[in-house]
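So you can see what is in the structure, the chains are spelled out below.
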Amino acid sequence: MTKYETIIGLEIHLQLKTKTKMFCNCSNDGENQKPNSVVCPICLGHPGTLPTVNKEAVKQGMAMALALSCKINTQSKFDRKNYFYPDLPKGYQISQFDEPLAHDGHLVIELGDKNWKIGIERLHLEEDAAKNIHSTGQTLVDFNRGGTPLAEIVTKPDFRYPEQAKVFLQELRLMARYLGVSDADMEKGHMRCDANISLRPQGEDKLYEKIEVKNLNSFKAVEKALFFEEARQTKLWDKKKQPEKTETRGWDEAKQETVLQRTKEGFADYRYFPEPDLPPLIISEKLLIEVKASIPELPAAKKNRLSKEYGLIADDARILVAQRHWADYYEGIMSDLRAWLFKTKGVAEDTDKAAELWVEHRGKLAKLTFNWLTSELFGLTGTNFKFEDLKISAENMAELLKMIYRQKINSSAAQTVLKEMYETGGDPSAIAEDKDLAQIDDDSTIEDLVIKVIMTNTAQVEEYKAGKEAVLKYLVGMVMKESKGSANPQKVEQILKQKLQ
Ligand SMILES: [Zn+2]
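What counts and how
Residues numbered from 1 in each chain as written. Predicted model: local features only at pLDDT ≥ 70, side-chain atom pairs only at ≥ 80, totals over all residues. Helix = DSSP H or I, 4+ residues; strand = E, 2+ residues; numbered from the N terminus. Rg over C-alpha atoms; globule rule 2.2 N^0.38 Å. Buried ≥ 20, exposed ≤ 12 C-beta atoms within 10 Å, placed from the backbone. Contact = placed C-beta atoms within 7 Å. Domains from an automatic or database assignment. Expected span 1.5 Å × (residues − 1). Pairing = 2+ DSSP bridges. Axes fitted to C-alpha atoms, helices over the stretch in contact; angles between N-to-C directions. Parallel < 35°, antiparallel > 145°, perpendicular 65-115°, else oblique. Left-handed = near helix turned anticlockwise from the far one by under 90°. Nonpolar A, V, L, I, M, F, W, Y, C, P; charged D, E, K, R; others polar. Core = buried A, V, L, I, M, F, W, Y, C linked by C-beta atoms within 7 Å.

## Some remarks on the overall build of the chain
- Scanning the chain from N- to C-terminus turns up 15 helices and 16 strands.
- The C-alpha radius of gyration of the chain comes to 30 Å, more than 25% above the 23 Å expected for a compact globule of 501 residues.
- Considered along the principal axes of its C-alpha atoms, the chain spans approximately 95 × 55 × 55 Å.
- The 501 residues of the chain split such that 35% are buried.
- Partitioning the contacts of the chain with sequence separation of at least 6, the portion at a separation of at least 24 is 68%.

So this is what it looks like as structure tokens:
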């Protein structure tokens, strides 16, 4: 055990995916537009303008809060957070201070075969500042981002290891994507994270002064910066020079270290006061019910269900759930295969016989489908692939898998068919027929091919008979070649062995 315990808390800013900005009608896709072209007097803070709350942003914030098991405050309020900086035209940011939209939730994460429950202190809504662009010797400001809706999520100091922070953020991103409230892409700044970290001697309960690390724009950066700070602070503690004031440090990606930015004075700095231009935010029972009903099955629940329903191992289920489209696609295929199985065996659904049959085949079908998706199909999709562009319907993919499962087509021929399906969206049976790829399964045809290979490879046949069993592989290969790849390889080997005796 190490001498010190590491205490980490996170503050996450999540850019919400609304059509318009938080308090005005400007479009919320300013990042894709010409700088300073998506602005209006409200988000530029002209005197005399009045903000109005974007209801969609409230709903998205609520959805995220509910997914994190937070309690929603039926009444919350907006406040002005005052500071002077070129990215803030009003001289204050509209945020929520002492009465946030939601509070007291949690998220369970998995790390090292263990579950860790991370408390959520609060979730509140606010507007984003504009974007400062530092270029050679000057700073430019793009106000397109100013006024973008953000949900700020503050965790409790419940993390003990830097890896947990990374896993938590990955889970949070997945959740935001399932809910459709944010792309949560850290590299693009849709999700930004500040981390607070302090140490304390093992066994103590007290929290010591923390270091706030900013400018963490990737999962890796979060983990690396926290590891760096843990090591740096350990040395300080060893020298009895532990931090005595809260300090803000930045992560320097080039140097791979944190660097001091400033020491912080605390909340008083911002002179928060209630926003006089906005009424309290009241959440009606009706809205709460509506938002609750809109929440889809969340990643953790989906993962458990996939494991249970199809007998997938946790790691496989996790890979599927990591992208909701693929998880849904997988389920579409499996449901097709299930229906097909009952139909071909003449078994009615919802009977004991059907249940038995399903248990017998589902494991094999689930794994077959998983393997063909993740190793074969994923292998065809490039880095710029968008799921919406996939030409292969779940039905056609199921059709191909049926052919493989019934050994109507062998694995290498199936790869050829899949490639063609990927390019043209065609029907697998038609493609297999077109390319003459249907598996040669019938004994007499294979026997003919085997005899031909034995006659033309006498030297190898002698070697095999002399005990060099490895030659069999070569002879199987020759038969496969003779069949243009479409013979059933198991049968080839079996018949070849018989004939060689
Ligand atoms: Zn505006």
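## Brief notes about the domain arrangement of the chain
- In terms of domains, the chain is made up of domain 1 (4–286), domain 2 (299–434) and domain 3 (443–500).
- Across the contact, four residues belong to domain 2 and four residues belong to domain 3.

## Overview of helix α9 (residues 394–405)
- For α9, spanning 12 residues, the distance from its first C-alpha to its last is 16 Å, which sits close to the expected 16 Å at 1.5 Å a residue.
- Burial analysis of α9 places nine of its 12 residues in the buried class, the great majority of the element.
- By the burial criterion, the buried members of α9 are N396, M397, A398, E399, L400, L401, K402, M403 and I404.
- Buried residues in α9 make contact with α7 (324–344), α8 (352–380), α10 (411–424) and α11 (428–434).
- Positive phi shows up at Q407, right after α9, with a value of about 60°.

## Some details on the sheet that holds strand β7 (residues 114–127)
- The nine strands are arranged β2-β6-β7-β10-β1-β11-β12-β13-β14 in an open sheet whose pairing can be described as mixed. In this open sheet, the two strands that pair with only one neighbour each are β2 (71–72) and β14 (257–263).
- Here strand β6 (residues 102–111) pairs with β7 via nine bridges, running antiparallel. Opposite I109, over in β7, you have W116 as the bridge partner.
- The sheet strands contacting helix α3 (residues 219–238) are β1 (4–15), β11 (191–201), β12 (211–216), β13 (247–252) and β14, and the helix crosses β11 at an angle near 25°.

## Comments concerning unusual backbone geometry
- Phi is positive for N36, which is not a glycine, with a value near 60°.
- One can find N36 in the loop between β1 and α1 (55–67).
- Positioned with a positive phi, R271 is a non-glycine residue whose angle comes to about 40°.

## Some words on the sheet that holds strand β4 (residues 79–82)
- Taken together, three strands build an open sheet; the order of strands is β5-β4-β15 and the sheet is antiparallel. Either end of the sheet is taken by a strand with one partner, and the two such strands are β5 (92–95) and β15 (273–274).
- Of the pairings in the sheet, the one linking β4 to β15 comprises two bridges and is antiparallel in character. If you follow D79 over to β15, its bridge partner there is P274.

## A look at the packing of α1 against helix α2 (residues 162–179)
- Relative orientation of the contacting elements α1 and α2 amounts to 130°, with a least axis distance of 10 Å. What the angle tells us is that α1 and α2 run oblique. In this structure, α1 meets α2 at a crossing whose hand is right-handed. Contact residues: α1 offers A63, M64 and A67, while α2 offers M175, A176 and L179.
- Of the residues contributing to the contact of α1 with α2, the split by class is six nonpolar, no polar and no charged.

## Brief notes about the environment of G30
- Relative to the elements of secondary structure, G30 occurs in the loop between β1 and α1.
- Residue G30 is classed as buried on the basis of its C-beta count, with 25 C-beta atoms lying within 10 Å.
- Along the sequence, G30 and T20 sit 10 residues apart, while their C-alpha atoms lie 9.8 Å from each other.
- Every residue in contact with G30, bar those within four places of it in the chain, is listed here: V38, N144 and R145.

## A word on the nonpolar core
- Ranked by size, the top nonpolar core spans 64 residues in total, and within it L14, M64, A65, L123 and A195 carry the most contacts.
- Non-local contacts of L123, meaning those with residues more than four positions away in its chain, are made with G61, M64, A65, L68, C70, P100, L101, A102, A151, E152 and I153.
- Counting 33 residues, the second-largest nonpolar core is a separate cluster that includes Y329, M397, L400 and V417.

## What to know about the pairing of β4
- Examined bridge by bridge, β4 and β5 share four bridges and lie antiparallel to one another. When the sheet's bridge partners are listed, D79 is paired in β5 with S95.

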